[in-house]
Amino acid sequence: MTGDHQRVSFCDSNSVAPTQASLREIFREIAETSYHEWPAYDATPLYDRSSLGGLEEDIRTVARVWFKHDAHESVEDFVCCLPLTYVEFEAHDRYAGTTRYEMEQLVRAFLLKELHGWEHESPLIEYLNECSSARKRLNFESVPDQSTLWRTWHRRFASELRETIETAARSILIQADRAGVSVPRQPPERSSPREQSTGEAPTQQEILGRAEDITEQVSGIVHPAFSLGRSEGCEIHQNAFWELQAYLGLHENLAANEGARGFLYESNRERTPLGHNHRAHLRDLSICEIREMYREAVERIVHRLGETDAFHRAGLVAIDITEEDPFTGDREGHEDEIIGTKEKNTEYAYQWATVQLVGNAVPLVLDARPVKKGETRQEIVEDLLDSAQSLLHIDGVLMDREFDSQHLLESISQRGLTYVVPKRMYTSEKAQAKRLLKRGQDYYTADRKLHLGKNKWHETTFVYKCKENSERTDYGQYAVLLTNAPAEAVREYSYRWEIESGYKSIKRFMAATTSKNFVLRFFYFAFACLLYSIWRAVDLLVQVSLIDEYEHSPIITAQNTLTLLQKRTGVG
């Protein structure tokens, strides 16, 4: 609801005005927080001072911190104080020559109009006339008349600038509302092309057009998380290395040497790394550095998705271990890294563990780590859960039967989390399954205590279920699952397949290599996980933008996203 009463009440608000001290605190926090990059044009080559995508990112970044401060109780104050002097609005000004009002003044004025949801210019004029403090802070010596404001919006502002003002106003309202600050209206829902026109689903052209804009935004958020620790002034920009890695991911089974040659011809950069140079810089990293960069990149993605109503900072995760193709060379000196496979055979392979969101959530890979000889499953799970819980509120964990250790399950329960894990069948489980088969019983539950040692026990529930369409006719047609939740929770175990499905995509994104360098191998896997997460994040943002909801099935392909990512980072 908007109107004169609401307008005057906001104008006459007794909110505490921002002070120089509060402004310093805001921008000090932004500078000291790793996932905040402001201004965006200074953090990534994807943006310059005229980039509207960078401006949108900057407004979101400042708003996210601004409204948490006790001294900041007004969206109007935010608009008046928001730093904009560095933005080059001239690129979006369709007027030539001298004009009475500056672009920055008018952009702020129309931000106020969008925040209040005023359909016409008259309420904005009344507001500026009545609120002398706002008028002075916007540097209006005189208030523009209705004709001037109408021409500004419809003729002077480029269409892209108008869209940016609308998007920015929505971001400001969302952040203020979340912080408990009074807002002139609730954040508007984004209308989809389907609602605006024929009632049909978005066209492929509309989807790809929106995906291109969003991919640029997401890549601009993610790129600053990665660093090679190179000195300033290097001839090859470090982003060229990440662009080459994305290029390798776009082409299945492409090695660095061959990929670097193709990248050289397709890139817009004057200098690009050679294959051996690329590998050498990656080998100089440590496993810890790669993991830290990965976690920061995912944290940035999570914060961006958190601005939508479709993404909730809570969910169900799956943890699993995947293997590369069996290693057939000489593993001497690498026995701790090239280890036996999960199958009982004589093969060896590199192994990686991940934790991924599953269920109704967007399937981001929250963290990835290598698996080395001698590490216990409990150590691996606790490490991955530490990372996941630092990003989100985790409700429960799904794992495969190799994680059915009672000590591991106890450690999950101690975190206050639920779990569903299949149990390997030993003598007692087989005997119970045979009894159920004999009785023709498809489902059975029993509460049990698993011995932890020193008179300590872990309480869990055994759930026996007859598998659908099983080819077995004996006890083997039963599965046994363990859970510390109500027995009905075992139905959630079907979500675990999503991590297996994710691995198939991730392995397609991995660059090919025959190197035994453990750091290089892990980087290739971790970067492939990041490309997968970027794809799924972009897909969510595109869906929300076009149809205002998120359906788990992607509407853009991984190939589309990687092609756009490659394009936006300087290729093509």
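Look up a bit, the structure's there.
Quick summary incoming for the structure in this document. (Residues numbered from 1 in each chain as written. Predicted model: local features only at pLDDT ≥ 70, side-chain atom pairs only at ≥ 80, totals over all residues. Heavy atoms only, no water.)

**Re the pairing of strand β10 (residues 478-483)**
Quick reminder of the rule: The buried label goes to any residue with under 20% of its type's maximum accessible area, the exposed label to any with over 50%, and the partly exposed label to all in between, with areas taken from a 1.4 Å probe on protein chains only. Labels follow the DSSP assignment, with helices taken as runs of H or I lasting at least four residues and strands as runs of E lasting at least two, numbered in each case from the N terminus. Note: two strands are recorded as paired if DSSP finds a minimum of 2 bridges between them.
Among the six residues that make up β10, five are buried, leaving the element largely enclosed by the rest of the structure. The pairing of strand β7 (residues 418-422) with β10 spans three bridges and is classified as antiparallel. Bridge pairing in β10 links P422 to L481.

**A closer look at the environment of H69**
For clarity, the threshold we go by: Polar contacts, as used here, are pairs of N or O atoms within 3.5 Å; protein pairs need one atom able to donate a hydrogen and one able to accept it. Residues neighboring in sequence count only if both atoms are side-chain atoms.
When you line up the elements, H69 lands in the loop between α3 (52-66) and α4 (75-81). Sequence separation between H69 and I26 is 43 residues; the distance between their C-alpha atoms is 7.7 Å. Side-chain polar atoms of H69 contact the side chain of E25, separated by 2.5 Å.

**Points about the pattern of salt bridges**
A side chain with one charge can pair with a side chain of the opposite charge if their charged atoms come near. Our working rule: Salt bridge, as used here, is a side-chain nitrogen of Lys or Arg placed within 4 Å of a carboxyl oxygen of Asp or Glu.
Across all of its chains, the model carries 23 salt bridges by this definition. Between R137 and D77 there is a salt bridge; the shortest N-O distance is 2.6 Å. Residue R137 is found in helix α7 (residues 132-137), and its partner D77 is found in helix α4; the two are separated by 60 residues along the sequence. Across the salt bridge formed by R108 and E104, the nearest N and O atoms sit 2.8 Å from each other. Here R108 and its partner E104 are both found in helix α5 (residues 103-116), four residues apart, which amounts to about one turn of the helix. Look at E104 and you get partly exposed, because its relative accessible area is 24%.

**Quick notes on the sheet that holds strand β6 (residues 393-399)**
The criterion, for reference: To get an axis, a line is fitted to the C-alpha atoms, and for a helix only the part in contact is used. The angle between two axes follows their N-to-C directions and goes from 0 to 180 degrees.
Spatial ordering of the open sheet is given by β5-β4-β1-β6-β7-β10-β9-β8, a layout of eight strands whose pairing is mixed. The open sheet has two free edges, formed respectively by β5 (365-371) and β8 (443-453), since each of these has just one partner strand. On average, each strand axis in the sheet is tilted by 25 degrees relative to the strand beside it, whichever way the strands run. Summarising the sheet, strand β1 (residues 314-323) and strand β4 (residues 351-358) pair through eight bridges and their orientation is antiparallel. What sits directly across from V317, in β4, is L357.

**Focus on the packing of aromatic side chains**
Working definition: an aromatic ring pair is given by the centre-to-centre distance plus the angle between the planes. What counts here: For Phe, Tyr and Trp, rings pair up if their centres lie within 6.5 Å, where Trp contributes its six-membered ring, and each pair is then called stacked (planes under 30 degrees apart), edge-to-face (over 60) or tilted (otherwise). Here, a charge over a ring means that NZ of Lys or CZ of Arg falls within 6 Å of the ring centre while also lying within 35 degrees of the ring normal.
Inspection of every chain in the model, using the stated rule, returns 16 aromatic pairs. Where W66 meets F78, the ring centres are 5.5 Å apart and the plane angle is 85 degrees; that geometry is what we call edge-to-face. Here F78 lies in helix α4 and W66 lies in helix α3, a separation of 12 residues in the sequence. The residues W66 and F78 share a single accessibility class, namely buried. Through successive ring pairs, a cluster of aromatic residues spans F327, Y350, W352, F518, F522 and F525. The ring centre of Y475 lies 5.8 Å from the NZ or CZ of R472, which sits over that ring.

**Some remarks on the nonpolar core**
Inside soluble globular proteins, nonpolar side chains tend to come together where they are buried. Defined as follows: For our purposes a nonpolar core is just a set of buried Ala, Val, Leu, Ile, Met, Phe, Trp, Tyr and Cys residues, chained together by side-chain atoms within 4.5 Å. By the convention used here, residues are in contact when the closest approach between their heavy atoms is within 4.5 Å.
Of all hydrophobic cores here, the largest spans 123 residues; its most connected members are F226, L366 and M399. In terms of residue count, the dominant contributor to this core is helix α20 (residues 518-547) (24 residues). For L366, the residues in contact, after removing those within four places along its chain, are Y294, V298, V317, V355, Q356, L357, A388, L391 and L392. L52, V62, M103 and F157 belong to the second largest nonpolar core, which has 51 residues in total.

**Let's talk about the pairing of β6**
Short version of the rule: Orient the strands so they point away from the viewer; a crossover is then right-handed if the path from the first strand over the helix to the second runs clockwise.
In terms of burial, β6 is a largely internal element, five of the seven residues being buried. Examined bridge by bridge, β1 and β6 share six bridges and lie parallel to one another. Each bridged residue has a counterpart across the sheet, and for L316 the counterpart in β6 is G396. With three bridges connecting them, β6 and β7 associate as parallel partners. Considered in β7, the bridge of V397 is made with Y419. You can see the chain leave β6, run along helix α17 (residues 406-414) and come back into β7, and the turn it takes is right-handed.

**Describing the layout of surface pockets**
The condition that has to hold: In the cavity and pocket records, a cavity denotes points on a 1 Å grid over the protein atoms alone where a 1.4 Å probe fits but cannot get out, a pocket denotes an open set with protein on both sides within 12 Å along at least 5 of 7 lines, and lining residues are residues with an atom within 4 Å of a point. Grid points are joined across faces, edges and corners, and a volume is the space filled by probe spheres set on the points. By the convention adopted, Pro, Cys, Tyr, Trp, Phe, Met, Ile, Leu, Val and Ala count as nonpolar, Lys, Arg, Asp and Glu as charged, and the other residues, Gly among them, as polar.
Of the voids in this model, the second largest pocket is the one considered here, and its volume is about 640 Å³. Lining of the second largest pocket is provided by 19 residues; of these, K344, R401, K423, R424 and M425 occupy positions nearest its centre. With three residues, the single largest contributor to the lining of the second largest pocket is β10. When its residues are assigned to classes, the lining of the second largest pocket shows five nonpolar, two polar and 12 charged.

**Focus on unusual backbone geometry**
Residues other than glycine seldom take positive phi values, yet K454 does so here, at roughly 50 degrees. You can see K454 is positioned in the loop between β8 and β9 (456-466). For K454, a relative accessible area of 83% corresponds to the exposed category. One non-glycine residue with positive phi stands out, namely N455, at about 60 degrees. Mapping N455 onto the fold places it in the loop between β8 and β9.

**Some points on a negative patch on the surface**
What counts is decided by this rule: Each patch is built from salt-bridge-free residues with over 30% relative accessible area, joining like charges within 9 Å and nonpolar side chains (Val, Leu, Ile, Met, Phe, Trp, Tyr) within 5 Å. Reported accessibility uses the Shrake-Rupley method at a 1.4 Å probe radius. Residues are deemed covered only where the shown protein chains occlude them. Think of it this way: Lys and Arg go in the positive column, Asp and Glu in the negative one, and His and the chain ends go nowhere. Charged side chains are reduced to one point each, which is NZ for Lys, CZ for Arg, CG for Asp and CD for Glu.
A cluster of like negative charges, contributed by D48, E88, E90 and E102, occupies part of the molecular surface. Structurally, E90 can be placed in the loop between α4 and α5. Exposure remark for E90: the relative accessible area of 60% places this residue in the exposed category.

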